[in-house]
Structure formats: structure tokens, C-alpha cells
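Report on the structure
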Amino acid sequence: VIVLHAIVRSPADAPDGAHALAIGGVAAVVTRPSELSPPEPEALWAHERLVESIASAAVLPARFGTVVDDEAALHRLLAANEAVLLQALEHVAGCVEVSVRMWARSAMAVASGGTTSAAVGPGRAYLQERREALHAPRAAAEATHARLAEVARDAVERRGARQEVLVGAYLVPRGDLGAFRDAVAEEDRDLGELDLLSTGPWPPYHFTPRLEVPR
Amino acid sequence: MSAYDPAAADELVLVDLLDRVLDRGVVIAGDITLSVADVDLVYVGLRVFLGSASAAERFGAPLPGRPRALEAS
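One structure accompanies this document, and this report is about it. Not measured: the values here are computed from a predicted model.

1. Topic: helix α3 (residues 82-92) of chain A
All names here are of chain A. Looking only at α3, the buried set comprises Leu 85, Ala 88, Leu 89 and Val 92. Looking down the long axis of α3, one finds its buried residues gathered within 105° of arc, a one-sided arrangement. Opposite the packed face of α3, turned more than 90 degrees from it, sit the exposed residues Ala 83, Gln 87 and Glu 90. Positive backbone phi, at 75°, marks Gly 94, one or two positions downstream of α3.

Printed below as a string of C-alpha cells:
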């Protein structure tokens, strides 16, 4: 089988240990392992490092474990999806992805909106306060996401676990990484019981198309 | 502001890696090696292995056993 690691524009972009098959205006960076690796951390990192080592302005990383039967199948697949791939490559060109999570230090912070108010009052006032508190972290997440999306070329929000009020992926031009980090630091300043946690740069996994199989 | 904790930082990087290499990236419709169920299983296995409380909350009770190996389609 052929393991697909990434789509690039030119076969010259293939890193050591992999090769590229050019089809039309795009090229697939592939390996042909004798057996498929199980999805354990070492194998996931190996795929990630291979993608990171591609010296190209525009890289569309593949999901781990994406395989095709043979070169003919890969050829048909890329030919059928060339337009959407070229468009996606142009979109991510010169960019990296940055992950940002807004994390509540405790479940209490999720409910109390960053302050540790333990107010228990009777009747309507209590319900009103409770409603406002429940919405506060969400409002903070939306404001931060909007601000970071402004600095980015594109942005995607993911569903988070309970204490994650925001899980965002941001497509940032390499030249704007400093400005993006500054924006994250600025947003992190007055969040109280909420923290902003950021990792990256990553290849632009969140800004990749799904390939349709030609019939 | 976030306090820097190297162990927590390593865990965060691994969670972000999983959110990318297993859950996003170019996929081939109907022709992927890992089914959605398999990916969820790997997710749960690795995340619970990490000891992340958020994993159990997001995916329900942790599943026993190691992540299932890839099988050729």
C-alpha cells in the first residue's frame, strides 16, 4: 500500500525518506512501508515530523493512516480533486497553524465566569445571576476567538471538553506569528480563572479538504 | 495568566497532536484505513493513558485495552 502524508505543489518538495508523485499541478508525498504502523505516539510523531520536514510554502497534511492501494488509484484520486487541492494549497500558502485553548482552572470557573463567587441567593436574583455567570466564559471565549481570527487568515473552532471553553485552530502567515503570539498574550491578561494555552506552529491540519473518490 | 509546567506542556502538545494527526488533515472519502470508530478508540486510549480528565468527560467511560492496530483496508 501507499501511505499518503501530504499534498504539495511540486514533487521537488518531497523530504528525505519519502517520495513524491506528481499529478497535474499537485504532488503527493508518500511512503511505501512494508507494514502499516499502529497509531501509537511514536508513529504519529513520525508522520508529523515527515510533514514538518517538507520544505515548501504550501503543504496540506494528510490524516494519519490515509492509504491508497496503488499508484493508479492515487493518480485517479488526485486528478479528480486537483481543483479543490490547488485552491486549498493557495489558501494555506505561507501559513502555519496555531492551536489556542481557553481552559477553566476548575469546573467552578466554568460556571462562575472566571470569578469564584459562591453567592447563593433566593428567587429570581439568584437565577438571574446564575444565568449571567453561565454565559460569561462563553462570552470571553467568543471575544477571544474573534480577536485571534482577526489576526489570522482563517480560523476554526472545535468542540472542547467541559473545562475547555474554547478550542481554536488559527491559520497564521509565518510573518505574522509574532503579532499572533502578542495577541494571545494580550487576550490572556485579564481572564481570571481562565487560562489561554497555545501550541504550534503546526502544519495546517484544520484547513485541508476531504478528497472525493472518482466513480 | 498561565503558569508554565513542563509536564503539563508536554501533555498539551500531545493532545494537540492527536487533535490534528488523528482527527484532521486530508482524508479520502470512504477509503481511509482508520474508521471513525477506530480513531475514537485510539483517542480514548491515548488520552486516558495521558491521564487527562477531559478525555473521560468528552468520550465517556474509558475503554479498556491498548489502541487497536491499523489494519489494511
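2. Considerations on the nonpolar core
A:Ile7, A:Leu60 and A:Leu78 are the most contacted members of the largest nonpolar core, which has 28 residues in total. Elements supplying a minimum of two residues to this core: β1 (2-8), β2 (19-23), β3 (26-31), α2 (71-80), α3 and β8 (164-173) of chain A. With four residues, the top contributor of residues to this core is α3(A). Look past the residues within four positions of A:Ile7 in its chain and what remains in contact with it is A:Val26, A:Ala27, A:Ala28, A:Ala58, A:Val59, A:Leu60, A:Leu78, A:Leu85, A:Leu89 and B:Val26.

3. Looking at α2(A)
A:Ala73, A:Leu74, A:Leu77 and A:Leu78 are the residues of α2(A) that are buried. One side of α2(A) holds all its buried residues, which, seen down the axis, span an arc of 125°.

4. Some remarks on the environment of A:Val1
Residue and element names in this part refer to chain A. Mapped onto the elements of the fold, Val 1 is located in the segment before β1. Under the relative-accessibility criterion, Val 1 is labelled partly exposed at 44%. Taking the C-alpha atoms as reference, Val 1 lies 6.3 Å from Arg 32; in sequence the two are 31 residues apart. Setting aside residues up to four positions removed in sequence, Val 1 forms contacts with Thr 31, Arg 32, Pro 33, Leu 36, Val 68 and Asp 69.

5. Some remarks on the pattern of salt bridges
A complete count under the given rule lists 13 salt bridges over all chains for this structure. Measuring nitrogen to oxygen at the nearest pair gives 2.8 Å for the salt bridge that ties B:Asp23 to A:Arg158. In this pair, B:Asp23 sits in the loop between α1 (6-21) and β1 (27-28) while A:Arg158 sits in strand β7 (residues 154-158), so the two residues belong to two different chains. Residue B:Asp23 is classed as partly exposed on the basis of its relative accessible area of 29%. On the basis of relative accessibility, which here comes to 10%, the residue A:Arg158 falls in the buried class.

6. Focus: the packing of aromatic side chains
Residues and elements named next belong to chain A. Inspection of every chain in the model, using the stated rule, returns two aromatic pairs over all chains. On the numbers, 6.4 Å between centres and 20° between planes, the contact of Trp 45 with Trp 202 is stacked. In this pair, Trp 45 sits in helix α1 (residues 41-52) while Trp 202 sits in strand β9 (residues 194-202), placing the two residues 157 residues apart along the sequence. Ring geometry for Tyr 170 and Phe 180: centres 5.5 Å apart, planes at 45°, overall tilted. With a gap of ten residues between them, Tyr 170 in strand β8 and Phe 180 in helix α6 (residues 177-188) connect regions that are remote in the sequence. An identical accessibility class is assigned to Tyr 170 and Phe 180; each is buried.

7. Description of the environment of A:Glu212
Take A:Glu212: it is sitting in the segment after β10 (210-211). Along the primary structure A:Glu212 and A:Asp188 are separated by 24 residues, whereas in three dimensions their C-alpha atoms are 40 Å apart. When residues no more than four places from it in sequence are discounted, the contact partners of A:Glu212 are A:Leu77, A:Asn81 and B:Ala29.

8. A word on the pairing of β8(A)
Along a regular strand, successive side chains alternate from one face of the sheet to the other. Residues and elements named next belong to chain A. Across the ten residues of β8, ten count as buried, placing the element largely inside the fold. With nine bridges connecting them, strand β6 (residues 95-104) and β8 associate as antiparallel partners. Within β8, the residue paired with Val 96 across the bridge is Val 172. Bridge count between β7 and β8: five bridges; the pairing is antiparallel. In the strand pairing of β8, Val 156 is matched with Ala 169.

Reading the values: the criteria
- Residue numbering note: each chain is counted from 1, following its sequence as written.
- Whichever chain is written first becomes A and whichever ligand is written first becomes 1, with later ones labelled in order.
- This being a predicted model, a pLDDT of at least 70 is required before a residue's local features are given, and a value of 80 or more before pairs of side-chain atoms are given or counted; all residues contribute to the totals for chains, interfaces and linings.
- Processing note: side-chain calculations cover all non-hydrogen atoms of the structure and skip hydrogens and water entirely.
- Relative accessibility under 20% of the residue-type maximum defines a buried residue, over 50% an exposed one, and the middle range a partly exposed one, all with a 1.4 Å probe and only protein chains included.
- Secondary structure follows DSSP: runs of H or I at least 4 residues long count as helices, runs of E at least 2 residues long count as strands, and numbering of each begins at the N terminus.
- As used here, the arc belongs to the directions running from the helix axis to the C-beta atoms.
- Here, the term nonpolar core denotes a set of buried Ala, Val, Leu, Ile, Met, Phe, Trp, Tyr and Cys residues that are joined through side-chain atoms within 4.5 Å.
- Here, two residues are considered to be in contact whenever any of their heavy atoms come within 4.5 Å of each other.
- By definition here, a salt bridge exists when the distance from a side-chain nitrogen of Lys or Arg to a carboxyl oxygen of Asp or Glu is within 4 Å.
- Put simply, two rings from Phe, Tyr or Trp (the six-membered ring, in Trp's case) pair if the centres are within 6.5 Å, and we call them stacked under 30 degrees between planes, edge-to-face over 60, tilted for the rest.
- A strand pair is defined by DSSP finding two or more bridges across the two strands.

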